[in-house]
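A look at the structure
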Amino acid sequence: MASERSFEDKTLLVTGGAGFIGSNFIHYWLKRYSRCRVINLDKLTYAGNLDNLKEVDKDPRYEFIQGDIRDKKLVKKIFRKVQGVVHFAAETHVDRSILDAGEFVLTDVFGTFVLLDALKDSKVEFFIHLSTDEVYGSRDKGHFSEEDPLCPSSPYSASKAGADRLAYAYHKTYSLPIIILRPSNNFGPYQYPEKFIPLFVTNALEGKPLPLYGRGTNVRDWLYVEDHCRAIDLVIRAGKLGEIYNVGANAEIENNVVAEKIVDFLGKPKSLIKRVPDRLGHDKRYALDCRKVRALGWKPEWDFEEALASTVQWYQENQIWWKKIKEKSRDFRSFYEEYYRRR
Ligand code: NAD
Ligand code: DAU
């Protein structure tokens, strides 16, 4: 194992910390490192939610800055105050990218460029770039290793692939201290209820149909967000600069199986699951070879069934949190359904 970097008493910039994984990571980090400090830079798009961070709001070690990662002046100013960066901020929903890709290119590609460029003139000691397993594209059999070529197939994953390669280029060209992570599908508390698991859980709780795309046979590798946060932590401490690490749980499951487990946990009828037209260009399966991150000493601690049960319980117990969001997000869902009806 590489010698470990100690980061406990330094200041970390988290971009997109008001989103799903970013907020889980901030909770994780503040709990784990008592002497750390965290600056959260988030634009608060529709996906950013300060309710995710209520428990740490008054923590003197935590500071929130509402701002855009594309704001060069602001980013440069913040980079002078921090020693490490974990870059989560992005547009992240594949369905939205199919309807309108513009913000994906502007945030995921250009926004990442602004951060990387600021890194050039800074004393920041490491920059963790959150890419995604979707950059490899889909495959029916076998697993993608970090050496495999990228073949993204949605406007979202293509934008993420652009950002991923830019991050690599900035390491290679300027020897900047960058590490790229390519995680699989995360789930857990605070996930915006437009994504598969929280949408299905909350719809089931409301007695509404669960819209399963196509035949429901697409496969995702489900990673519990807490396990993902532990992987990021380990990579910060022991990951090799300039390297790429796949992070998956080896929990490959078809969507229809996940949907049935959700209704079973909630004691709802299977008839709530309704097949709807398939997502355009829908990737069949993502699957990662994670030997490299495992060699650093990481493995998932949560079993999928237990993590799903715990997640379902969290949405049962936090109805105010998601009902507030769903009230506001109705527009997107009806726009999306109308788009597919018209095709
Ligand atoms: P999310 O959509 O829940 O949160 C994104 C956050 O970024 C929001 O708080 C939003 O306000 C903020 N943001 C967006 N544009 C911004 C901008 N221009 N400036 C500042 N802040 C901005 O996303 P997530 O699911 O937590 O994903 C976090 C990261 O991890 C993303 O880079 C995503 O591509 C990657 N990732 C996610 C998953 C997953 O399953 N959720 C899996 C692999 C990789
Ligand atoms: O693989 C990592 C990626 O996982 C991340 O990079 C993305 O940010 C994240 O959104 C996620 O992308 P997916 O497209 O895999 O996730 P989503 O939750 O949108 O869909 C998961 C699967 O469920 C996919 O096969 C599509 C299907 N689905 C999704 C929704 C929203 C449905 O069947 N019905 C739905 O309503």
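Scroll up to find the structure this text is about.
Just so you know, these numbers come straight off a predicted model, no measurement behind them.

Check the secondary structure of the protein and you find 11 helices and 13 strands. At 19 Å, the protein has a C-alpha radius of gyration in line with the 20 Å of a compact globule built from 343 residues. Overall size of the protein, expressed as C-alpha extent along the three principal axes, is 55 × 45 × 40 Å. Across the 343 residues of the protein, 57% fall into the buried class. A total of about 15100 Å² of accessible surface is found on the protein, and carbon and sulfur atoms cover 50% of it. Where the 54 positive side-chain charges of the protein centre and where its 49 negative ones centre are 2 Å apart.

This part takes up unusual backbone geometry. Although it is not a glycine, Ser175 adopts a positive phi angle of roughly 55°. Within the secondary structure, Ser175 sits in the loop between helix H5 (155-174) and strand S6 (178-183). The class for Ser175 is exposed, based on a relative accessible area of 61%. In this structure, Tyr190 takes a positive phi of about 70° despite not being glycine. Relative to the assigned elements, Tyr190 resides in the loop between strand S7 (186-187) and helix H6 (196-206).

In this section: the packing of aromatic side chains. Under the definition given, this model contains 20 aromatic pairs. An aromatic cluster of three or more residues is present, and its members are Phe187, Phe196, Phe200, Trp222, Tyr224, Trp302 and Phe304. The aromatic ring of Phe144 is capped on one face by Arg139, whose charged end is 4.7 Å from the ring centroid. Lying over the aromatic face of Tyr245, Lys292 brings its terminal NZ or CZ to 5.2 Å of the ring centre.

What follows covers the packing of helix H2 (residues 72-79) against helix H4 (residues 102-120). Across the interface, H2 lies against H4 with an axial gap of 9 Å and an inter-helix angle of 45°. Relative to H4, H2 is oriented oblique. The handedness of the crossing between H2 and H4 is right-handed. Side by side, H2 and H4 meet where Lys72, Val75, Lys76 and Phe79 of the first sit next to Phe110, Phe113, Val114, Leu115, Ala118 and Leu119 of the second. Split into classes, the residues belonging to the contact of H2 with H4 amount to 8 nonpolar, no polar and 2 charged.

Procedures and definitions
Residues numbered from 1 in each chain as written. Chains lettered and ligands numbered in written order. Predicted model: local features only at pLDDT ≥ 70, side-chain atom pairs only at ≥ 80, totals over all residues. Heavy atoms only, no water. Helix = DSSP H or I, 4+ residues; strand = E, 2+ residues; numbered from the N terminus. Rg over C-alpha atoms; globule rule 2.2 N^0.38 Å. Buried < 20%, exposed > 50% of the residue type's maximum accessible area, 1.4 Å probe, protein only. Areas by Shrake-Rupley, 256 points an atom, 1.4 Å probe, with all protein chains shown as cover. Lys, Arg positive; Asp, Glu negative; His and termini not counted. Charge placed at Lys NZ, Arg CZ, Asp CG, Glu CD. Phe/Tyr/Trp six-rings, centres within 6.5 Å; stacked < 30°, edge-to-face > 60°. Lys NZ or Arg CZ within 6 Å of the ring centre and 35° of its normal. Axes fitted to C-alpha atoms, helices over the stretch in contact; angles between N-to-C directions. Parallel < 35°, antiparallel > 145°, perpendicular 65-115°, else oblique. Left-handed = near helix turned anticlockwise from the far one by under 90°. Contact = heavy atoms within 4.5 Å. Nonpolar A, V, L, I, M, F, W, Y, C, P; charged D, E, K, R; others polar.

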